[in-house]
Amino acid sequence: MQGLCYVRRERLPHLWCAGCGHGIVLGAVIRAMDRIGLDQDRAVAVSGIGCSSRAVGYLDMDALHTTHGRALAFATGIKLARPDLTVIVLAGDGDLAAIGGNHLIHAARRNIGITCVCFNNGIYGMTSGQYSPLTPTGARASTAPYGHLEREFDLCRVVQAAGASYVARSTTYHIHQTIEYVARALRHHGFAFVEVLSQCPTYFGRGNRMGDPVKMLQWYRERAVTLAQAQRMDPEELRGRVVIGEFHRDEGVPEYTRSYLDLVARLAAGGESR
Ligand SMILES: Cc1ncc(C[n+]2csc(CCOP(=O)(O)OP(=O)(O)O)c2C)c(N)n1
Ligand code: SF4
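Parameters at a glance
- The written sequence of each chain sets the order in which its residues are numbered from 1.
- As they are written, the chains are lettered A onward and the ligands numbered 1 onward, keeping that order.
- Side-chain atom pairs in this predicted model are given and counted only at pLDDT of 80 or more, local residue features only at pLDDT of at least 70, and totals for whole chains, interfaces and linings cover all residues.
- Excluding hydrogens and water, the side-chain figures rest on all heavy atoms present in the structure.
- Any two strands are treated as partners once DSSP identifies two or more bridges connecting them.
- Each helix is a run of H or I in the DSSP string that is no shorter than four residues. Each strand is a run of E no shorter than two, and both are numbered from the N terminus.
- Only the stretch in contact is used when fitting a helix axis, every axis being a line fitted to C-alpha atoms; angles between N-to-C directions are given from 0 to 180 degrees.
- The criterion used for residue contact is that any of the two residues' heavy atoms lie within 4.5 Å.
- One heavy atom within 4 Å of a molecule or strand makes the whole residue count as near it.
- The term polar contact refers here to a pair of N or O atoms within 3.5 Å; inside protein, the definition further demands a hydrogen-donor-capable atom paired with an acceptor-capable atom, and it admits residues adjacent in sequence only when both atoms are side-chain atoms.
- Surface accessibility in these figures is a Shrake-Rupley result with a 1.4 Å probe; residues are shielded only by whichever protein chains are displayed.
- Classification convention: Asp, Glu, Lys, Arg as charged; Ala, Val, Leu, Ile, Met, Phe, Trp, Tyr, Cys, Pro as nonpolar; all other residues, Gly among them, as polar.
- Residues belong to a common nonpolar core when they are buried Ala, Val, Leu, Ile, Met, Phe, Trp, Tyr or Cys residues joined through side-chain atoms within 4.5 Å.
- Type-normalised accessible area, obtained with a 1.4 Å probe on protein chains alone, sets the label of each residue: buried when under 20%, exposed when over 50%, and partly exposed for intermediate values.
- The salt bridge definition used is simple: a Lys or Arg side-chain nitrogen within 4 Å of an Asp or Glu carboxyl oxygen.
- Each angle gets one of four labels, with under 35 degrees taken as roughly parallel, over 145 as roughly antiparallel, 65 to 115 as roughly perpendicular, and the rest as oblique.
- Here a crossing is called left-handed whenever its near helix is offset anticlockwise from the far helix by less than a right angle, and right-handed whenever the offset is clockwise.
- A pair of Phe, Tyr and Trp rings is counted when the ring centres sit within 6.5 Å of each other, with Trp represented by its six-membered ring. The angle between the planes then sorts it: under 30 degrees is stacked, over 60 is edge-to-face, the rest tilted.
- Charge-over-ring placement is defined geometrically: NZ (Lys) or CZ (Arg) within 6 Å of the ring centre, and within 35 degrees of the ring normal.

In this section: the sheet that holds strand β7 (residues 224–226). Read across the sheet, eight strands follow the order β2-β1-β3-β4-β6-β5-β8-β7 without closing on themselves; strand pairing throughout is mixed. Of all strands in the sheet, those with a lone pairing partner are β2 (62–65) and β7, marking the two edges. On average, each strand axis in the sheet is inclined to that of its neighbour by 20°, with strand direction left out of account. Inspection of the sheet shows β7 paired to strand β8 (residues 242–249) by three bridges, in the parallel sense. The partner of threonine 226 across the bridge, within β8, is isoleucine 244. Here helix α1 (residues 22–36) sits on the sheet in contact with β3 (86–92), β4 (114–120) and β6 (192–197), set at roughly 155° to β4.

Have a look at this one:
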């Protein structure tokens, strides 16, 4: 496998359930690191809490496993203290969109130079299948045994509207796109967000009678439409589909730590004090 230098092989075998998509997402992140030749001595991986958040433990680089929902808050501190480092956040949909929702919005608003990969399995995996803000309407969860009533976030649209300058979505089935989007995100200077749909056969799959993990991957293949296809479809045709693609990429938006360092330099040089 490419990118083995980024893997803590002594930590294997990993603890995810058989057929869990999170290993596929981590594999894509590792291949993306390899593709861009990431210097692992100048990179930090940060996570919150959840099955997905265990991913940082398998990366051979400085890593921080923080409190639930707070990965981006810790990552922001790291990036401000050491803007020269590549800071990568790996976290679940519950972690990023529920308890950590405000951190996500404000990291995007600042356009701080962090790469954030959302492992979206549409459920709280680690705590046995409660619904998250990304659980699709109608899906069953342990806290929605008759089907989820709420509408799910389109998290890419939320993050883009908040100000992120790189936004993309893929799935564990569309692995080549996933690797390429994460590679582009890692090269990007501002806040880069990649959502990857990742199957949880144990709780989402079983609760929704989706069959084995292969069937869940086929479900992603059948549901997914590209951005170009989606633009030719009406809302009725798009119902129940997931749009994948690169939604937004703008290198022209000021990155927060650069603006901050410029201000510090101006003040140190005796520039304006207000
Ligand atoms: C403050 C706090 N609240 C709740 C929890 C319990 N908890 C641990 S992981 C988790 C949800 C994880 O779900 P998600 O982020 O979607 O990741 P997954 O396990 O699905 O990969 C929750 C609610 C916690 N650890 N800390
Ligand atoms: S509970 Fe779900 S998300 Fe957690 S390891 Fe098992 S399959 Fe993966």
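To continue, consider the site of ligand 1. Ligand 1 sits among 17 residues. The nearest are Cys51, Ser52, Gly94, Asp95 and Gly125. Within the backbone of glycine 94, a nitrogen or oxygen atom sits 2.9 Å from an oxygen atom of ligand 1. Contact between ligand 1 and isoleucine 123: an oxygen atom at 3.1 Å from a main-chain N or O atom of the residue. Taken by itself ligand 1 offers 590 Å² of open surface, and the protein chains cover 73% of this.

Right, let's get into the site of ligand 2. Around ligand 2, the neighbouring residues are Trp16, Cys17, Cys20, His22, Cys51, Asn121, Gly125, Cys200, Pro201, Thr202 and Tyr203. Considering each element in turn, the shell around ligand 2 owes the most residues, three residues, to helix α7 (residues 201–207). Looking at side-chain class alone, the shell around ligand 2 contains seven nonpolar, four polar and no charged residues.

Here arginine 157 lies in helix α5 (residues 155–162). Separated by ten residues in sequence, arginine 157 and valine 167 place their C-alpha atoms 8.5 Å apart.

Membership of the largest hydrophobic core comes to 34 residues, with the highest contact counts inside it found for Leu26, Met33, Leu59, Met61, Leu90 and Val117. For this core, the secondary-structure elements that each account for two or more residues are α1, β1 (43–47), β3, β4, β5 (166–171), α6 (175–187) and β6. Beyond its immediate chain neighbours, meaning those up to four positions away, valine 117 contacts Val25, Val29, Val89, Leu90, Ala91, Leu96, Val182, Val194 and Val196. If you look at the next biggest cluster of nonpolar residues, it comprises 27 residues, including Val44, Ala71, Ala91 and Cys118.

Considering all chains together, one arrives at ten salt bridges under this definition. Between glutamate 246 and arginine 184 there is a salt bridge whose closest N-O contact spans 2.9 Å. Of this pair, glutamate 246 sits in strand β8 while arginine 184 sits in helix α6, and the two are 62 residues apart along the sequence. Exposure remark for arginine 184: the relative accessible area of 23% places this residue in the partly exposed category. Where salt bridges share partners, they join Arg35, Glu180, Arg184, Glu246 and Arg249 into one cluster.

Okay, the packing of α1 against α6 next. Axis separation between α1 and α6 bottoms out at 8 Å; the angle between their running directions is 50°. As summarised for this structure, α1 and α6 are arranged oblique, according to the angle between their axes. Helix-helix and strand crossings are classified by hand; for α1 and α6 the assignment is right-handed. Mapping the contact onto sequence places Ile24, Ala28, Val29, Arg31, Ala32, Met33, Arg35 and Ile36 in α1 and Ile175, Thr178, Ile179, Glu180, Val182, Ala183, Leu186 and Arg187 in α6. In terms of residue class, the contact of α1 with α6 is made up of eleven nonpolar, one polar and four charged.

What the rule picks out here adds up to four aromatic pairs. Relative to tryptophan 219, the ring of phenylalanine 204 has its centre 6.4 Å away and its plane inclined at 35°; by these criteria the two rings are tilted. In this pair, phenylalanine 204 sits in helix α7 while tryptophan 219 sits in helix α8 (residues 213–223), placing the two residues 15 residues apart along the sequence. By relative accessible area, tryptophan 219 is classed as partly exposed at 27%. Taken together, a centroid distance of 6.4 Å and an interplanar angle of 20° make the contact between tyrosine 256 and tyrosine 260 stacked. One end of the pair is tyrosine 256 and the other is tyrosine 260, both in helix α11 (residues 256–268) and four residues apart, which spans about a single turn. Given a relative accessible area of 30%, tyrosine 256 falls into the partly exposed group. Members of the aromatic cluster, each reached through a chain of ring pairs, are Phe204, Trp219 and Tyr220. Positioned above the aromatic ring of tryptophan 219, the side-chain terminus of arginine 223 is 4.4 Å from the ring centre.

Function cannot be inferred from these measures alone, as they are strictly geometric.
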